[in-house]
Amino acid sequence: MRKEQRCLMYNFVSRLEVTKMPSTGQKPGKGTYTCTSCGQSVTLDDHTDTLPPCPKCNGTEYR
Ligand SMILES: [Zn+2]
């Protein structure tokens, strides 16, 4: 594989990582996350906090 092709692929993969939605079990950092299913907000006030399942609907996907 040529060097330029590898570079393009790397950029594509890292962009996916950045835009991936946070979900239960991840540590996305401080901030307020909104459940994609019911709209419930969950606030993390420490970068070591793990996203819990949604307290309202038990959902695991946030945005
Ligand atoms: Zn929810």
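Residues numbered from 1 in each chain as written. Predicted model: local features only at pLDDT ≥ 70, side-chain atom pairs only at ≥ 80, totals over all residues.

Caption draft 1: Structural detail: the overall build of the protein. Along the protein, the regular secondary structure elements total one helix and two strands. Listing each helix as α and each strand as β along the protein from the N terminus yields α-β-β. Put simply, the protein has 63 residues, and 6% of those count as buried. A sequence separation of at least 24 residues applies to 37% of the contacts in the protein between residues at least 6 apart. (Helix = DSSP H or I, 4+ residues; strand = E, 2+ residues; numbered from the N terminus. Buried ≥ 20, exposed ≤ 12 C-beta atoms within 10 Å, placed from the backbone. Contact = placed C-beta atoms within 7 Å.)

Caption draft 2: Focus on unusual backbone geometry. Although it is not a glycine, Asn58 sits at a positive phi angle of roughly 70°. For Asn58, the position within the fold is in the segment after β2 (41-44).

Caption draft 3: Molecular detail of the environment of Met21. Along the chain, Met21 falls in the loop between α1 (3-19) and β1 (31-34). Spatially, the C-alpha atom of Met21 lies 5.6 Å from that of Arg63, the residues being 42 residues apart in sequence.

Caption draft 4: Structural detail: the pairing of β2. Note that β1 and β2 share four bridges and pair antiparallel. Looking at β2, one finds that Gly31 is bridged to Leu44. In textbook terms, the turn of a hairpin is the stretch between consecutive antiparallel strands, and for β1 and β2 this stretch comprises six residues, one of which, Gly39, has a positive phi near 85°. (Pairing = 2+ DSSP bridges.)

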